[in-house]
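Read off the chains here:
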Amino acid sequence: MMVQASGTGADSISFERVYDASIEDVWALWTTREGLEAWFAPEGMRFEVSVLELRVGGAFDHVMTAVGAEEIAYMAKLNRPPTAWVSARFIEIVPHRRLRIRFDIDFVPGVESYPYDMLVELHAEAGRVRMILTADRHPDPEMTRGAIAGLTSQLQRFELAIAARATQEQQP
């Protein structure tokens, strides 16, 4: 696995990972309720999908709740509630290749709503999958720092979810 977080420009951050997995398994973790709920929240958070319509313009609505003591304290320090209801839409879908999700960041107290895009690019390479995740930076540098930490944690959970899928597939 390659671990990298870098700025790909002033307006985005990028992570690249390589997984010993099938493209179908990686895609399923991004496009199914079961897959997303297995990894999409950072450590210390709970993630629940409320609506998942995998089509361009389709909804990806979910709830993220701080459940770990450290995460609850962090949210309190930022004067934010421990639970956020998040609305998102799929704006680009190329099966097994590209997925672009636009989140509506409308849950931050005192901050006007703004769009936040996340692009996933998948490349099958000799039994492995190279995944490049590019996400917008937030207008607030503290939120961008939090997003980098959160995405780093989420991608660690993604790796565990990929390993769990491989284990399940090997069982009779």
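Please read these numbers as outputs of a predicted model, since none were measured by experiment.

Rules used in this analysis
Residues numbered from 1 in each chain as written. Predicted model: local features only at pLDDT ≥ 70, side-chain atom pairs only at ≥ 80, totals over all residues. Heavy atoms only, no water. Buried < 20%, exposed > 50% of the residue type's maximum accessible area, 1.4 Å probe, protein only. Helix = DSSP H or I, 4+ residues; strand = E, 2+ residues; numbered from the N terminus. Pairing = 2+ DSSP bridges. Contact = heavy atoms within 4.5 Å. 1 Å grid on protein atoms, 1.4 Å probe; cavity = no way out; pocket = protein on both sides within 12 Å on 5 of 7 lines; lining within 4 Å. Points joined across faces, edges and corners; volume = space filled by probe spheres on them. Nonpolar A, V, L, I, M, F, W, Y, C, P; charged D, E, K, R; others polar. pLDDT = per-residue confidence, 0-100. Polar contact = N/O pair within 3.5 Å; in protein donor to acceptor, adjacent residues only side chain to side chain. Phe/Tyr/Trp six-rings, centres within 6.5 Å; stacked < 30°, edge-to-face > 60°.

### Notes on the pairing of strand S2 (residues 12-19)
Counted residue by residue, S2 has eight buried out of eight residues, so it is predominantly covered. Where burial is concerned, the two faces of S2 agree: the one with Ser12, Ser14, Glu16 and Val18 and the one with Ile13, Phe15, Arg17 and Tyr19 are both buried. One ladder, built from eight bridges, connects S2 with strand S8 (residues 128-136); its direction is antiparallel. Paired with Arg17 across the bridge in S8 is Met131.

### Some details on the environment of Val51
Relative to the elements of secondary structure, Val51 occurs in strand S3 (residues 45-52). As for Val51 and Val18, which are separated by 33 residues in sequence, their C-alpha atoms are 29 Å apart. If we skip the residues at most four places from it in the chain, Val51 touches Ala59, Phe60 and Asp61.

### Things to note about empty space enclosed by the protein
A full pass over the atoms with the stated rule returns one cavity of 30 Å³ or more. For the largest cavity, the calculated volume is near 40 Å³. Grouping the amino acids of the lining of the largest cavity by side-chain chemistry returns four nonpolar, one polar and one charged.

### Notes on the pairing of S8
Note on strand geometry: in a regular strand, side chains alternate between the two faces of the sheet. Looking at chain direction, strand S7 (residues 114-125) and S8 are connected through eight bridges and run antiparallel. Within S8, the position partnered with Val120 by the bridge is Leu133. What sits between S7 and S8 in their antiparallel hairpin is a turn of two residues, with Ala126 showing a positive phi close to 50°.

### What about helix H1 (residues 23-31)?
Along H1, eight of the nine residues are buried, which leaves the element largely enclosed by surrounding structure. Those residues of H1 that fall on the buried side of the exposure criterion are Ile23, Asp25, Val26, Trp27, Ala28, Leu29, Trp30 and Thr31.

### Here's the deal with the confidence of the model for the protein chain
Chain-level statistics for the protein chain give a pLDDT mean of 89 and a share of 92% at 70 or above. Confidence drops under a pLDDT of 50 for residues 1-9, and excluding neighbours within four residues, the segment shows 23 contacts in the predicted structure.

### As for the side chain of Thr65
For Thr65, the position within the fold is in strand S4 (residues 60-66). Of the residues examined, Thr65 reaches a relative accessible area of 10% and is grouped as buried. Among the polar contacts made by the side chain of Thr65, one reaches the side chain of Thr83 at a distance of 3.3 Å. The contact partners of Thr65, leaving out residues within four places of it in the chain, are Gly44, Met45, Arg46, Pro82 and Thr83.

### Comments concerning the packing of aromatic side chains
Enumeration according to the criterion identifies 13 aromatic pairs in this entry. On the numbers, 5.7 Å between centres and 70° between planes, the contact of Phe40 with Phe60 is edge-to-face. You can see Phe40 sitting in the loop between helix H2 (33-37) and S3 and its partner Phe60 sitting in strand S4, a full 20 residues away along the chain. By the burial criterion, Phe40 is buried, and Phe60 matches it. A network of ring pairs unites the aromatic residues Tyr19, Trp30, Trp39, Phe40, Phe47, Phe60, Phe90, Phe103, Tyr116 and Phe158 as a single cluster.

### Details of the layout of surface pockets
Approximately 870 Å³ is the volume found for the largest pocket. If you trace the largest pocket, you find 31 residues lining it, with Pro42, Met45, Gly146, Ala147 and Gly150 closest to the centre. Secondary structure elements with two or more residues in the lining of the largest pocket: S4, helix H3 (69-77), strand S5 (83-94), strand S6 (98-105), S7 and helix H4 (141-170). Here the lining of the largest pocket takes nine residues from H4, the largest share from any one element. Residues that form the lining of the largest pocket fall into these classes: 20 nonpolar, six polar and five charged.

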